[in-house]
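Descriptive structure summary
Here is how the chains run, residue by residue.
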Amino acid sequence: MKKLLLLLLLAHCLAPASELFAGKPLAGISGIQSDSARGRSIANLLEMHLYNILRSTNSFNQIDTAQMRSQLVRFDCLEDSCILRFAQRADIHLVLRGTVRDMRSSLDIEIYALGTGTPYYGARIYRYHIRIPLSRMSLSTREFSYITEEHAGRFISNLLCRYRFPVAFTFQGGASVPDYPEPLNGTFTLYRFDRSPDAGEPLRSYRKAGEVRLENGRITSLAPGTPQPGNGDFVFLTYENKSRYLTDFYRGRKRELVLTPWNVSDTLYIMLFTAPASASMPLVVPVLGHYARGDYAGLGLWAVNAAPYLYLEADGFLNRPQKLKKENRDISQNDAARYNFALYFCFAGGMSLFVDAFAQDYLHQAAQYQDIQPLMGSSLSTAYLSLICGGGGHFYRGHRVWGYLYFHLNNVMMYYTLREFSRAERYNSDTDSYEKEPVDKARAYRYLGAYCALKLIETIHAVLLDDRIENGELVEEQTAITPAVLFDPEGNLAFGIQGTMRF
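If you're wondering where the values come from, they're calculated on a predicted model, not measured in any experiment.

Concerning the overall build of the protein chain
- Of the regular secondary structure elements, the protein chain holds 15 helices and 16 strands.
- The buried share among the 503 residues of the protein chain stands at 45%.
- Once local pairs closer than 6 in sequence are excluded, the contacts in the protein chain between residues at least 24 apart make up 70%.
- With the model as given, the accessible surface of the protein chain reaches about 25,700 Å², and the carbon-plus-sulfur share is 57%.

Below, the structure written as structure tokens:
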């Protein structure tokens, strides 16, 4: 009883705000919790950006964050259940909460939104969990501010994509109109509650009652019947357009902050550097690339994926046709193909692995707002790297999985295409000369066509992808499969697996 009285008093403290904010949904930030001094600073920045971004959408009315938090602390209302009861009594439709955990080498940020009323009734609408690694560099207040703003923007954008706000109908000028301060446009599904509200039953079921088309807040077509304000008819207002706008805005803004503007000179520089970079790849990439930058996962991937092609390159040069001719040995089609592939991989094909070693570090710095990164972010450079080496454009964008996939497809297709065009040579001891054997040109051009199609697909795919400059590592935790050790009804030990799903 005492807790209920405190909640009523707390709701009364903020009740004037809800009366002033009729129409639009009312949102409040109950506070971001933290467990350290650094975490408290991050939490304050996060609260500020959440409030400002939510206000910039012009879709919500908001309660002052400091006022709401102080009242909640004053009445010791810090749990989700208590905050939801308070929000329901104060007519707050959306409550944002979160935590910042300082793990020394990383920060774990979790933000979530709770909804009251239809259709949520206290359910969690959306949860956002991100892990920000901090071990490789120190960040200033400027960079932390940009990082928290990015995550606040991502959270609000994803929340807007999911949030549904019920807009009821009212009589105005003898007609049914939506009770919303801004004119609504579009086709909406009309919903109707099954029964009148009951004080003892907080949940109200509803059903579809037809479809209504609105233009500037006026009904232009109905199917099947007219909305009945007395029955609580309503439509759900969605915010997908504003969600897309926020996503595009913050993505474009970050590109301007951390990547160089598009210019041809950067691509020309990469062109001139291609041959020496590709030739030096076997020595430079493992030592000065992955190892020096602490990218041990990249080093392992490089060793496994580069090994077969480095072997082909070494074999092609060691058993090159010129050497075989000095020994008067026959030159098979495979010998010629391996030499041609060795030339390609030495002066062009190895460039993709060179790009991977250094682009990952540049993009990581860009993700942490560590100044503008040179040579990065150009679609022209992406297209060039995709054309001259397998997966080069994808590595340049930061998509390592796609990069290695195209790296192998390209090299396999390149080898077999070169093999079809390579001509075997037989030594004729009678004339002391070599005779070239014919090739199947039709078959060779089919391989060439398939290779060109692959390069076209790879190039278009790489150009359409965005650079991987997002900050942090998203912790999904939507589903998990874990081992289980149980006792059956007879008391015997049983082993199995169990699944959990967060919703």
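Quick look at the state of the cysteines
- Taken as a whole, this structure holds 1 disulfide when the rule is applied.
- Covalent S-S linkage joins Cys77 and Cys82, the inter-sulfur distance amounting to 2.1 Å. Residues Cys77 and Cys82 are joined by a disulfide whose S-S torsion is about -125°; by sign, that bridge is left-handed.

Describing the confidence of the model for the protein chain
- Confidence in the prediction for the protein chain averages 86 pLDDT; 88% of positions are at 70 or higher.
- Contacts for the low-pLDDT stretch residues 4-22, under 50 throughout, to residues beyond four places or in other chains number 28 contacts.

Some thoughts on unusual backbone geometry
- Along the chain, Thr118 connects to Pro119 via a cis peptide bond; the corresponding omega equals 0°.
- With respect to the helices, strands and loops of the structure, Pro119 is situated in the loop between strand 4 (106-115) and strand 5 (124-133).
- Of note, the phi angle at Asp91 is positive, near 55°, even though the residue is not glycine.
- Structurally, Asp91 can be placed in the loop between helix 4 (80-89) and strand 3 (94-102).
- Backbone geometry at Asp371 places phi at a positive 65°, although glycine is not the residue there.

Thoughts on the side chain of Thr116
- Looking at the element boundaries, Thr116 is found in the loop between strand 4 and strand 5.
- According to the relative accessible area criterion, Thr116 is buried, its value standing at 8%.
- From its side chain, Thr116 meets the backbone oxygen of Ile92 in a polar contact 2.6 Å long.
- Contacts of Thr116, omitting those with residues within four sequence positions, involve Leu84, Ala87, Gln88, Ile92, His93, Tyr121 and Gly122.

Notes on the packing of helix 7 (residues 264-291) against helix 12 (residues 379-388)
- Two elements in contact, helix 7 and helix 12, have axes whose closest approach is 9 Å; the angle formed by their N-to-C orientations is 25°. Classified by the angle their axes make, helix 7 and helix 12 are roughly parallel. Seen from above, helix 7 lies across helix 12 with right-handed handedness. Together, Val264, Asp266, Thr267, Ile270, Met271 and Thr274 of helix 7 and Leu380, Ser381, Tyr384, Leu385 and Ile388 of helix 12 make up the contact between the two elements.

Regarding the packing of helix 12 against helix 15 (residues 441-464)
- One can describe the packing of helix 12 onto helix 15 by two numbers: an axis separation of 9 Å at closest approach and a directional angle of 155°. When the axes of helix 12 and helix 15 are compared, the pair comes out roughly antiparallel. With respect to the hand of their crossing, helix 12 and helix 15 are arranged in right-handed fashion. Of the residues in helix 15, those in contact with Ser379, Thr382, Ala383, Ser386 and Leu387 of helix 12 are Lys455, Glu458, Thr459, Ala462 and Val463.
- Its residues placed into classes, the contact of helix 12 with helix 15 shows 4 nonpolar, 4 polar and 2 charged.

Observations regarding the pairing of strand 1 (residues 26-34)
- With 7 of 9 residues buried, strand 1 lies mostly within the body of the structure.
- Pairing geometry for strand 1 and strand 2 (residues 61-62), over 2 bridges, is parallel. By the bridge assignment for strand 2, Ala27 is matched with Gln62.
- Bridging between strand 1 and strand 3 involves 7 bridges; their strand directions are parallel. In the sheet register, Gln33 faces strand 3, and the bridge partner there is Thr99.

Rules behind the numbers
- Residues numbered from 1 in each chain as written.
- Predicted model: local features only at pLDDT ≥ 70, side-chain atom pairs only at ≥ 80, totals over all residues.
- Heavy atoms only, no water.
- Helix = DSSP H or I, 4+ residues; strand = E, 2+ residues; numbered from the N terminus.
- Buried < 20%, exposed > 50% of the residue type's maximum accessible area, 1.4 Å probe, protein only.
- Contact = heavy atoms within 4.5 Å.
- Areas by Shrake-Rupley, 256 points an atom, 1.4 Å probe, with all protein chains shown as cover.
- Disulfide = S-S within 2.5 Å.
- pLDDT = per-residue confidence, 0-100.
- Polar contact = N/O pair within 3.5 Å; in protein donor to acceptor, adjacent residues only side chain to side chain.
- Axes fitted to C-alpha atoms, helices over the stretch in contact; angles between N-to-C directions.
- Parallel < 35°, antiparallel > 145°, perpendicular 65-115°, else oblique.
- Left-handed = near helix turned anticlockwise from the far one by under 90°.
- Nonpolar A, V, L, I, M, F, W, Y, C, P; charged D, E, K, R; others polar.
- Pairing = 2+ DSSP bridges.

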